[in-house]
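# Understanding the architecture of this molecule
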Amino acid sequence: MLLRTNIESCLLLSQILLCGYAAAQDIAPHPNTDLPTATVDSATASNPYKHFIPNHDTQTCTADEHATPFNNQIRGVNLGGWMVLEPWITPSLFYQFLGKDETSTAIDIHSFCKVLGKEEANKQLKRHWDTWVTEDIIVQLKNSDAVNSLRLPVGDWMYRPYEPYIGCTDGALDYVDDLLDWAYANGLSVLLDVHGLKDSQNGFDNSGQSRGFEWTSFLNTVPAGDVTFEHWPIRSASWIGTFDPMHANYTDINRGNIQHALDVIQAIVDRYKNHPAVLGLEPVNEPWQYTPIDELKKFYWDGYLIVKKSAPYWKYIMHDSFRFDVNVWGGFMAGCPDRALDTHIYQAWKDPSSRETFYADACATKHAISAMERAFGPVVVGEWSLATDNCAMWLNGFNDNLPGFPRLPCKYIPCADPYMGFDQPGTPVDPGKPAQGPYGTGMSTPIFGLCPVGRDWLKESSLDSGKDWMKAPPEAPQGRDASDEVMTNLAQKKISSFSGIGHGFYFWNFRTDLYEPHWSYMLALERGWIPKGNLNDDEIVNACHKEDNGLYLCIARRDQLDSNIKKGIAYILESVASDGSAQISCNTTISLNQTTVVDNVTLANMTGDELYAAADCAYNFFWSRHRAEGVTCDFGGTATLVEVNFTSYDTDDSENVDENVSKGNKGLTHVEVATLAGLIGVGIVLGAFIGFAIAMRCSKSFNSRVSHSTLGKTMKKNPLLRRSFGGFYSDDYMEIPNTRMHV
């Protein structure tokens, strides 16, 4: 009893001290804080964990007291590009490296520190830290009533410094401390996300260092003198060990790097365990898919125990390593409190398609999230955006791009003025210069003062867009921009999927240097794409009604080669064959209103409408049965989604026409204009006919003039027309005298 009293007293004293900390920081108490009330601390010398018992052999937990249930939805944004530099988010920091060579070019924060030197790099970083995230911005996010949490990417070098960061990133933690205080003062929680680890966990620039990088300038002969490099085809990641690119596996495990990452977790917990704004920790962001899963799970388990020993009320959110699969994560750390799985869902790297395809894809994610919630537990979408293209400048690296990207031409706008002021070297972008090196695998760079950003969505003749979107220019002509409509619909469907089933989301990113509302939460709020205030209104909750209720069909696009359509059907037949079926039979086709049977024998000789009918049957059969598993209506680019209500085909241009295309679309579609013009034309002809008939019957002089005309002479020969228009006057017409005798 005495021990119990002493424990209660100690916990109460710790709360008093914590309140004193808040008062000292001039922070108002947070009414929704997750801070515990005075309870008995069940941690003992034999079990140092407050609310559970760990089972090390199975990496599971028992005796979970459910002290901090995950009952609240996360509605958050990422503060990307602040502590961990990404050139595409803040290009103003990297314009200074355009036109430079192998020794003077920086492409990430690692090379930023090396190339500029510690003193100059730190000077520029402090100017950046001062202006990229400010207290005013945090207040704006809070006042939007659409944000309750912030995800803060940090680097391991901030907590256990090593070269070249020593002296370069000095002072960074002071800014993090300020951010936590600002968040707490505004009722926002903060998830600390270890975005960068030593030797890179994924090879991306967002890990701190682009790994798998070589200068190739010496190979250039035409044009001679160009500075070039290669990254994407040889990308690597060395945090967890030595990667063998020939076999896509690791030949050894770097225990020193793993221990370094665990030490960083301990340092983060030690520094922030008593700060009331901290929601929890994500121990590593996006470890790539080749990371040995058993080693990753062991790291997650060890990190979890470090966190829970000292910060028992923190959430512990683990990235899925680009393997969002219940077979990988189902049952992992079962029974352990406060853990969640993070998955990142982007459409920017998908092949171009119609808006309906992007809508359906957004809604389909809820099925995968729901399955993971059942098999593992809480799921948080830690990153997502509204981008449906890969056009954002440097999205795939400084002056670089993935091979084959972007898939469609991009819109160019004037490069923005530097957010930190014109003291920043390299700004503004020189409007008199074309694309400058160094040049990577692909192309993405300023040209004559213009920077590539996203594409506009065009108002089209039909929402199912047979192929209009393929020919649309990157910038919509005046009066034809449908981006506001499409992005609003897409945002509602994504929010409905991520928060309706899972435990919430963090949008990537809170803002961007260039004007890119597809990637900027603040600009998306400003444009009205994401609503301010309650994100649980009916428009969002019911945003996926059509998709959820099967009100779409997956059919073949009529502009595709027969050979490609046959490949799509063959893929489906092969898939169903593994389930013991040799054919598909259905009557859901659009082109032919009849039952269609598809098998490999009949497929070989199919062409034209028969092939389209077979494809409609096979595509919709397979998509409708497997879309909950993540299957999309694509099939090698030969399929598209259409609404069930009514769809017809114009044989001249093969474009789909939906009679409901105007729904939610400002302005008339081509179909509506044609219909309206036809009605007006019929009205004019009918009105003229009636007026002519009345004049012929009632006006003797009008009738006489018509009768003497060429038209009248022709009409007089037709008895029906003579009767219809009341007869015709002619030269040989003589009035019959009144012969009635008067008596």
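Numbers given for residues are sequential positions, taken from 1 along each chain in its written order. Confidence filtering applies because this is a predicted model: local features only for residues at pLDDT of at least 70, side-chain atom pairs given and counted only at 80 or more, and all residues used for totals across whole chains, interfaces and linings. Note that water and hydrogens are dropped before the side-chain values are worked out from all heavy atoms of the structure.

So, on to the overall build of the protein chain. Secondary structure assignment for the protein chain yields 21 helices and 22 strands. For the protein chain, buried positions account for 53% of its 743 residues. In what follows, a contact means two residues having at least one pair of non-hydrogen atoms within 4.5 Å. A separation of at least 24 residues holds for 73% of the contacts in the protein chain among residues at least 6 apart in sequence. Areas reported as accessible are Shrake-Rupley estimates using a 1.4 Å probe. Residue values count occlusion only from the protein chains shown. Per element, the accessible surface of the protein chain, about 33,200 Å² overall, is 54% carbon and sulfur. Per the convention used, a helix needs a DSSP run of H or I reaching at least four residues, while a strand needs a run of E reaching at least two, with both numbered from the N terminus. Accessibility here uses a 1.4 Å probe with only protein chains present; expressed as a share of the type maximum, an area under 20% marks a residue as buried, one over 50% as exposed, and anything in between as partly exposed.

On to the packing of helix α6 (residues 255-272) against helix α7 (residues 293-310), then. Axis lines are fitted to C-alpha atoms, over the contacting stretch for helices. Their N-to-C directions set the angle, which ranges from 0 to 180 degrees. Running from N to C, α6 and α7 point in directions that differ by 25 degrees, and their axes come no closer than 9 Å. As judged from the angle between their axes, α6 and α7 are roughly parallel. Crossing of α6 over α7 shows right-handed handedness. Where α6 abuts α7, its residues Arg255, Ile258, Ala261, Leu262, Ile265, Gln266 and Val269 lie against Glu295, Phe299, Asp302, Gly303, Ile306, Val307 and Ser310. Three classes are used: nonpolar for Ala, Val, Leu, Ile, Met, Phe, Trp, Tyr, Cys and Pro, charged for Asp, Glu, Lys and Arg, and polar for all others, with Gly counted as polar. In the contact of α6 with α7, the residues fall into eight nonpolar, three polar and three charged. Our angle categories are set so that under 35 degrees counts as roughly parallel, over 145 as roughly antiparallel, 65 to 115 as roughly perpendicular, and the remainder as oblique. Crossing handedness follows the turn of the near helix against the far one: under a right angle anticlockwise gives a left-handed crossing, and clockwise gives a right-handed one.

Attention now goes to the state of the cysteines. The rule for a disulfide is simple: a pair of cysteine sulfur atoms within 2.5 Å. Taken as a whole, this structure holds five disulfides when the rule is applied. Each disulfide pairs two cysteine sulfurs, and for Cys61 the partner residue is Cys336, the sulfurs being separated by 2.0 Å. Since a negative S-S torsion denotes a left-handed disulfide, the Cys61-Cys336 link at about 85 degrees is right-handed. Taken together, the positions of Cys61 in strand β2 (residues 60-62) and Cys336 in the loop between α8 (326-329) and β12 (339-345) put the pair 275 residues apart, joining distant regions of the chain. Here Cys415 pairs with Cys451 through a disulfide, and the sulfurs are 1.9 Å apart. Residues Cys415 and Cys451 are joined by a disulfide whose S-S torsion is about 100 degrees; by sign, that bridge is right-handed. Remark: Cys451 occurs in strand β15 (residues 450-452) and Cys415 occurs in the loop between β14 (412-414) and β15; sequence separation between them is 36 residues. Given a relative accessible area of 0%, Cys451 falls into the buried group.

Side-chain rings of Phe, Tyr and Trp, where Trp is taken by its six-membered ring, are said to pair if the distance between their centres is within 6.5 Å; with planes under 30 degrees apart they count as stacked, over 60 as edge-to-face, and otherwise as tilted. Under the counting rule described, the total for this entry stands at 40 aromatic pairs. Pairing Trp349 with Trp519 gives two aromatic rings, centres 6.3 Å apart and planes at 75 degrees, and the pair type is edge-to-face. With Trp349 in the loop between β12 and α9 (355-375) and Trp519 in the loop between β16 (504-507) and α12 (521-527), this residue pair connects regions lying 170 residues apart in the sequence. Since its relative accessible area comes to 3%, Trp519 is described here as buried. Note on criteria: charge over ring means Lys NZ or Arg CZ within 6 Å of the ring centre, with the direction from the centre no more than 35 degrees off the ring normal. Between Lys297 and the ring centre of Trp329, over which it is positioned, the NZ or CZ distance is 5.5 Å. Directly above the ring of Phe405 sits Arg407, whose terminal nitrogen or CZ lies 4.2 Å from the centroid.

Before going further, it helps to spend a moment on helix α15 (residues 562-577). To estimate how far a helix should reach, multiply one less than its number of residues by 1.5 Å. With 16 residues, α15 ought to run about 22 Å at 1.5 Å a step, and its terminal C-alpha atoms sit 22 Å apart, in line with that. Those residues of α15 lying buried are Ile565, Gly568, Ile569, Ile572, Leu573, Ser575 and Val576. One side of α15 carries all its buried residues, which in axial view fall inside an arc of 160 degrees. Residues of α15 that are exposed and point more than 90 degrees away from the buried face comprise Lys567 and Glu574. On its buried face, α15 is in contact with β17 (552-556), β18 (584-586), β19 (596-598), α16 (600-603) and α17 (608-626). When we speak of the arc, we mean the arc of directions from the helix axis to the C-beta atoms.

This part is about the pattern of salt bridges. In what follows, salt bridge is the name for a side-chain nitrogen of Lys or Arg lying within 4 Å of a carboxyl oxygen of Asp or Glu. A full pass over the atoms with the stated rule returns 18 salt bridges. Of the charged contacts, one joins Asp193 and Arg151 as a salt bridge, the two residues approaching to 3.4 Å between their closest N and O atoms. Of this pair, Asp193 sits in strand β5 (residues 189-196) while Arg151 sits in strand β4 (residues 149-155), placing them 42 residues apart in sequence. Given the relative accessible area of 0%, Asp193 is considered buried.

By the secondary structure assignment, Gln209 is in the loop between β5 and β6 (214-215). Since its relative accessible area comes to 18%, Gln209 is described here as buried. Ignoring anything within four residues of it in the chain, the contact list for Gln209 reads Asp108, His110, Asp199, Ser200, Gly203 and Phe204.

Here β16 shows a buried face lined by Gly504 and Tyr506 and a second buried face lined by Phe505 and Phe507. Note on pairing: DSSP must find at least two bridges between two strands before they are called paired. As judged from the four bridges shared by strand β3 (residues 74-78) and β16, these two strands associate in the parallel manner. Considered in β16, the bridge of Val77 is made with Phe507.

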